[in-house]
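Survey of secondary and tertiary structure
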Amino acid sequence: FVGEIELGPGESRDLVLEISDRPLPEPVDPDVAWDETESRWARVAPRCEDTAARRDARHAYAVLRGLTRPGGGLVAAATTSLPGRAPSGRSFDHRYAWIRDQCFAGIAIAGHGEHELVSEAAGFVTSRLLDDGPGLRPAYCADGRAVPEERQLQHLRGYPGGRGTVGNLVNRQVQLDAFGESLLLLSAAHRAGVLSGDGRRAMDVAAGAIGQLFDTPDAGIWELDPDWWTHSRLECVAGLRALAECGVADASLSARWQSLADALLAETAKRCLHPSGRWQRSPTDTRVDAALLIPTVRGAVAPHDPRSVTTLEAVLAELGEEGFCYRFRHDDRPLEEAEGVLVPCGFIVSLALLDRGDREPAARFFEQNRSACGPPGLLSEEYDVVQRQLRGNLPRAFVHALMLECAVRLGPEACIPESRT
């Protein structure tokens, strides 16, 4: 449709886009539609007055709500084919429900006390665990179906200059940390009083899968070639500890889960502890990785444990830059030439610093990373600090979830300025 509208001085016109599978009975009044939209979202999103950044925290909750379909499936992003860098070949379709993103969102919201999305997230993960057991996929369509295989759209390009991509290769992967994340989410749902009986059965399934698959190489949080990734193992330890401590089972069963967590931690330390005392990425990859901070934040190891302290110091020294954080060093190139900073890693550093009692630097990391957005206030996974540009698909669910979790954990006493958006 092509049209032309002429406006005189002081005149205005509203343009209404109707998306429907059938003609609407009558034209939509834009003023009424706008008022109804504002009213509905005002009821859905909590005011978040008790957080460090009221407007941004509320906005993050609204983003997570908007990415969630009825039934609880939360898509990792609303877009496809926005690559980190045009010539890198890294064009992905993230319009699917990753178990990890689902769990990060539910945990963040449970920390604030709003339970609707917590129960929905727990319900979605419960159904996937009960259906697939140890064969749990890292991601699903938002309605629970399998993710379609990746294919390229030759007639469409991504932006900036990437490939047009639909579907995802995630079906070919095992991501062991998804079982640990699931236990963390379901434990949070139990503490919030919204876990179903099926959810309790799903906990048993996830714990059993960890015992069965713990020694199996997996793709890890960054979806790389299979390896014995340290983060995946430690996140399973964190999930088992949460399960043992949430009060869902009797003392003997809880003790058994705690004992399993201890044994798995000991094996991981045997294989994956760097000579300097910090965690390394895998038994054969000695590099530091910002993801190795997550299990400490989730309770696998105490924040003042020497392994946690040394890992945090290494991340800050080797991967931190002016309040941002890279995920790991790819090669000998300067960090910014390999990829942008990972915004979720900055929020993870903030949480790790907060757990250690360093509130001021934690607040600085939070402030810097929540500012890495455009005018709509949407966060992508990657941010190019040199060109000051968002990179990759957006909005990314687990980035907004971590931002919300930081805002809740820091609390209003952090005295951080209001929204930067």
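Note that the coordinates shown come from a computational prediction; the quantities given were computed from them, not determined experimentally. (Residues numbered from 1 in each chain as written. Predicted model: local features only at pLDDT ≥ 70, side-chain atom pairs only at ≥ 80, totals over all residues. Heavy atoms only, no water.)

**Observations concerning the pattern of salt bridges**
On inspection of all chains with the given rule, the structure shows 31 salt bridges. In this structure, Asp-56 engages Arg-370 in a salt bridge whose closest nitrogen and oxygen atoms are separated by 2.4 Å. Residue Asp-56 is located in helix H2 (residues 54-66), and its partner Arg-370 is located in helix H13 (residues 359-370); the two are separated by 314 residues in the primary sequence. The exposure classification of Asp-56 matches that of Arg-370, with both residues buried. Here Asp-93 makes a salt bridge to Arg-95, at a shortest N to O gap of 2.7 Å. Judged by relative accessible area, Asp-93 falls into the buried class, the value being 0%. Look at Arg-95 and you get partly exposed, because its relative accessible area is 35%. Within this structure, Arg-281, Asp-285, Arg-287 and Asp-289 form a network of salt bridges that share partners. (Salt bridge = Lys/Arg side-chain N within 4 Å of Asp/Glu carboxyl O. Helix = DSSP H or I, 4+ residues; strand = E, 2+ residues; numbered from the N terminus. Buried < 20%, exposed > 50% of the residue type's maximum accessible area, 1.4 Å probe, protein only.)

**A few points about unusual backbone geometry**
Here the bond from Leu-394 into Pro-395 is cis, since omega is -10 degrees, no more than 30 degrees from zero. Tracing the backbone through its elements, the reader meets Pro-395 in the loop between strand E9 (389-391) and helix H14 (397-410). For Cys-48, which is not glycine, the phi dihedral falls at a positive 60 degrees. Take Cys-48: it is sitting in the loop between helix H1 (30-44) and H2. Even without being a glycine, Glu-322 presents a positive backbone phi close to 50 degrees. Among the structural elements, Glu-322 can be located in the loop between strand E5 (320-321) and strand E6 (324-325). Glu-322 gets classed as exposed once you look at its relative accessible area, which sits at 68%.

**Describing a negative patch on the surface**
There is a patch of like negative charges on the surface, built from Asp-14, Asp-29, Asp-31, Asp-35, Glu-36 and Glu-38. Among the structural elements, Asp-35 can be located in helix H1. Asp-35 sits in the partly exposed class, given a relative accessible area of 48%. (Patch = residues over 30% accessible without salt bridge, like charges linked within 9 Å, V, L, I, M, F, W, Y side chains within 5 Å. Areas by Shrake-Rupley, 256 points an atom, 1.4 Å probe, with all protein chains shown as cover. Lys, Arg positive; Asp, Glu negative; His and termini not counted. Charge placed at Lys NZ, Arg CZ, Asp CG, Glu CD.)

**A few points about the nonpolar core**
Among the nonpolar cores identified, the biggest contains 115 residues, and Leu-64, Phe-179, Phe-347 and Phe-366 are the most heavily contacted of them. Those residues in contact with Phe-347 that sit more than four places away from it in its chain are Phe-366, Asn-369, Arg-370, Leu-379, Val-399, Leu-402, Met-403 and Cys-406. Core analysis: the second largest hydrophobic core is formed by seven residues, Tyr-96, Trp-98, Ala-139 and Cys-141 among them. (Core = buried A, V, L, I, M, F, W, Y, C linked by side-chain atoms within 4.5 Å. Contact = heavy atoms within 4.5 Å.)

**Some details on the pairing of strand E4 (residues 163-166)**
Relative to E4, strand E3 (residues 151-157) runs antiparallel, the two sharing four bridges. Paired with Arg-151 across the strands is Val-166, a residue of E4. A loop of five residues connects E3 with E4, the two strands running antiparallel in sequence, and Gly-161 in this loop sits at a positive phi of about 80 degrees. (Pairing = 2+ DSSP bridges.)

**Some remarks on the confidence of the model for the chain**
With 97% of its residues at a pLDDT of 70 or more, the chain has an overall mean of 93. Throughout residues 415-421 the model reports pLDDT below 50, and contacts reaching past four residues in sequence, or to other chains, amount to 23 contacts. (pLDDT = per-residue confidence, 0-100.)

**So, the side chain of Asn-369**
As for its placement among the helices and strands, Asn-369 is situated in helix H13. Within the structure, the side chain of Asn-369 is placed 2.8 Å from the backbone oxygen of Gly-323, a separation counted as a polar contact. Contact partners of Asn-369, with chain neighbours within four places excluded, come to Gly-323, Phe-324, Val-343, Gly-346, Phe-347 and Leu-379. (Polar contact = N/O pair within 3.5 Å; in protein donor to acceptor, adjacent residues only side chain to side chain.)

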